[in-house]
Amino acid sequence: MWSRATFDIEAGSFTAILGPNGSGKTTLIRTILGRLAPSAGKLEVFGRTPRRGDPTIGYVPQRPVFDPELSIRGRDFVELGFDGHRWGVRLVGRARAAAAAEASLDAVGAGDYSDQPLGRLSGGEQQRMLLAQALVGSPRLLLMDEPLSYLDVRNQRAMVQLIRDVARRRELTVLLIAHDVNPLLPHIDHVLYMAAGKVSMGTPAEIITTERLSEIYSSPVEVVRDSRGRVFVVGLEEEASHPHG
Amino acid sequence: MVDAALHLTITNPTPSWNPFDDLAMLFHYDFMIHAFQAGTIVAIVAGSIGYFVVLRGSAFAAHALSHIGFAGAAGAIVAGVSPVVGLLAFTLGSGAAIGALGNRLRGRDVTIGIVLAWTLGLGVLFISLYRGYATEAYALLFGEILGISERDVVVTLIAGVITLVALVVVYRPLLFSSVDEELASAKGVPITLLSVAFMAILAVAVTEAVQVVGVLLIFALIVTPAAIAIRFTSHPPYAIGIGVGLALLFTWLGLSVAYFSPHPVSFFITSLAFATYLGVRLSEPVRRALS
């Protein structure tokens with residue numbers, strides 16, 4: 001998928017993973033989660049080889065919406081994030097799971113609708129539930145796969161702000177896959193750009209420029225700004241769908 | 001009439017409308033006691049597992065399991081062994097295969113449907129090969145709760161306890177993977193193992209329930225109570241509780257009404273389930289307006 005990629009993610013930083021479809025963003029997340037092993041090379045999370053079920057990692061999968069018929073309370077979902085991997089029914093740990101879920105729901109401001117069925121919540125509310133679920137085990141690393149892609153612009157802004165605030169308060173390292181860098185620009189420390197089999201990392205100002213991206217990918221890439229200051233990267237999509245050798 | 005050597009008139013018992021007398025009448029015969037015992041066990045198991053069937057969107061798989069089981073049971077009759085053996089073998093085998101196909105796999109239902117059609121064909125062949133009465137086949141298709149022996153009740157109880165214990169063991173990870181497979185997998189939940197285990201538990205539950213309602217009517221006890229329950233609560237333990245309660249109610253009422261009527265028990269159980277579901281769905285706009 002990509003080769004010769006070496007990068008470190010600073011603890012406590014907020015990094016956006018950008019790049020066209022099929023460039024390996026989700027593959028990277030899955031590798032960090034220990035669900036895929038790198039075919040060559042090494043990846044370490046807090047100095048250790050990734051393994052499935054690592055409690056130091058909170059994960060928000062790519063989830064457009066839940067099935068509207070899904071009849072389980074948001075609160076139950078967050079509790080499952082806490083101890084859903086354990087066998088049996090909750091007997092002694094019930095109070096602990098409930099308290100952990102409550103704290104997590106409060107942290108994302110989802111307490112008000114946590115007793116409603118997950119399937120009936122709005123897209124923004126569902127993303128907050130997913131975030132609450134990811135935070136419930138007090139992780140140190142937060143992995144989010146396109147948490148913004150299915151939200152409208154207003155909700156996108158609120159969500160990024162929330163992620164930023166929670167991450168600061170809990171001293172979390174955040175790795176977030178995004179399709180569009182714009183709602184993230186005011187908040188992120190780094191971008192990890194993946195395209196055409198290459199990975200490059202730096203601050204947004206360093207990486208997202210016509211010169212730098214063209215140089216990295218040795219093909220004409222253009223960074224365009226519109227009248228409202230929004231950034232668009234043109235020219236990488238084709239590279240991804242027709243990779244060279 | 002005058003010259004008849006033997007004259008027999010069969011009349012149905014009529015309710016006295018005195019609840020104590022009627023209850024005494026209901027439990028007067030052993031076959032009714034056995035029916036109530038087996039029906040109660042089956043209702044508890046079916047109501048519990050039904051919640052997961054509905055949550056996982058496996059209603060069709062549950063339905064298919066019972067029909068595939070029909071071929072197994074018919075084959076067992078031809079082979080001269082107990083139909084329950086064939087039923088269990090076929091439901092377990094196909095359950096494990098369906099489980100291994102994965103829960104959310106696109107096209108899974110198409111695959112199930114194709115296998116289902118073929119096994120029903122097999123079932124027809126077995127029935128034609130069996131030169132006995134059609135009553136055995138009839139009992140499989142529509143249930144024969146009034147023909148349950150004391151030994152059957154014990155077997156049902158053992159199977160029921162096994163299914164419930166298994167369900168308790170897998171409860172949390174099963175719930176997790178039913179709600180979000182991707183997340184559960186990332187947390188280390190063995191998705192495929194759970195999926196196979198769930199279908200195996202369901203296979204045993206279906207085999208039990210077939211005695212009461214038959215393969216064609218299995219929906220009434222497994223899917224309908226749970227489908228009603230989740231319209232009232234999205235709190236999983238409550239939903240399971242309501243589902244079990246409804247399954248018990250349908251079974252008990254169905255048995256009681258059928259006792260005083262010439263019509264089959266299965267008809268009353270399925271009709272009660274359907275009428276309740278219909279009533280709940282139709283009253284939803286009203287209840288929403290009131291709340």
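### Points about the nonpolar core
Residues and elements named next belong to chain B.
1) Next: Ranked by internal contacts, the top residues of the largest apolar core, which has 157 residues, are Ala 46, Ile 49, Leu 202, Ala 209, Ile 218, Leu 221 and Ile 222.
2) Next: When residues in this core are grouped by element, the largest group, 14 residues, is from helix H9 (residues 191-213).
3) Next: Setting aside anything within four residues of it in sequence, one finds Ala 209 in contact with Val 42, Ala 46, Ile 218, Leu 221 and Ile 222.

### Focus on the domain arrangement of chain A
All names here are of chain A.
1) Next: Splitting chain A by domain gives domain 1 (1-56 + 140-245) and domain 2 (62-138).
2) Next: Inter-centroid distance (C-alpha atoms) of domain 1 to domain 2 is 26 Å.
3) Next: At the junction of the two partners, domain 1 supplies 12 residues and domain 2 supplies 12 residues.
4) Next: When residues of the side of domain 1 that touches domain 2 are assigned to their parent elements, the largest contribution, 4 residues, is made by helix H5 (residues 153-170).
5) Next: Grouping the constituent residues of the side of domain 1 that touches domain 2 by class yields 8 nonpolar, 2 polar and 2 charged.

### Regarding the pairing of strand E5 (residues 190-195) of chain A
Residues and elements named next belong to chain A.
1) Next: Counted residue by residue, E5 has 6 buried out of 6 residues, so it is predominantly covered.
2) Next: Burial of the side chains of E5 extends over both faces: His 190, Leu 192 and Met 194 are buried on one face and Val 191, Tyr 193 and Ala 195 on the other.
3) Next: Summarising the sheet, strand E1 (residues 14-18) and E5 pair through 4 bridges and their orientation is parallel. Following the sheet pairing, Ile 17 is matched in E5 by Leu 192.

### Here's the deal with the environment of Ile 191 of chain B
Residues and elements named next belong to chain B.
1) Next: Structurally, Ile 191 can be placed in helix H9.
2) Next: The exposure class of Ile 191 is partly exposed, given the 17 C-beta atoms found within 10 Å.
3) Next: Sequence spacing of Ile 191 and Gly 95 is 96 residues, and the spatial spacing of their C-alpha atoms is 15 Å.
4) Next: Residues in contact with Ile 191, not counting those within four places in the same chain, are Ser 177, Glu 181, Ala 184 and Ser 185.

### Here we look at the environment of Val 191 of chain A
All names here are of chain A.
1) Next: Take Val 191: it is sitting in strand E5.
2) Next: Judged by the 24 C-beta atoms lying within 10 Å of it, Val 191 falls in the buried class.
3) Next: Spatially, the C-alpha atoms of Val 191 and Asp 76 are 34 Å apart, while their sequence positions differ by 115 residues.

### Side note on the sheet that holds E5 of chain A
Strand pairing in a sheet is mediated by backbone hydrogen bonds. Such pairs are either parallel or antiparallel.
Residue and element names in this part refer to chain A.
1) Next: On the basis of which strands lie adjacent, the open sheet formed by 6 strands has the order E2-E3-E4-E1-E5-E6 and mixed pairing. Edge positions in the open sheet fall to strand E2 (57-60) and strand E6 (198-202), since each of these has one partner strand only. With direction set aside, neighbouring strand axes in the sheet form an average angle of 15°.
2) Next: The pairing of E5 with E6 spans 5 bridges and is classified as antiparallel. Across the sheet, the residue bridging to Tyr 193 is Ser 200, located in E6.

Criteria and thresholds
- Residues numbered from 1 in each chain as written.
- Chains lettered and ligands numbered in written order.
- Predicted model: local features only at pLDDT ≥ 70, side-chain atom pairs only at ≥ 80, totals over all residues.
- Core = buried A, V, L, I, M, F, W, Y, C linked by C-beta atoms within 7 Å.
- Buried ≥ 20, exposed ≤ 12 C-beta atoms within 10 Å, placed from the backbone.
- Helix = DSSP H or I, 4+ residues; strand = E, 2+ residues; numbered from the N terminus.
- Contact = placed C-beta atoms within 7 Å.
- Domains from an automatic or database assignment.
- Nonpolar A, V, L, I, M, F, W, Y, C, P; charged D, E, K, R; others polar.
- Pairing = 2+ DSSP bridges.
- Axes fitted to C-alpha atoms, helices over the stretch in contact; angles between N-to-C directions.

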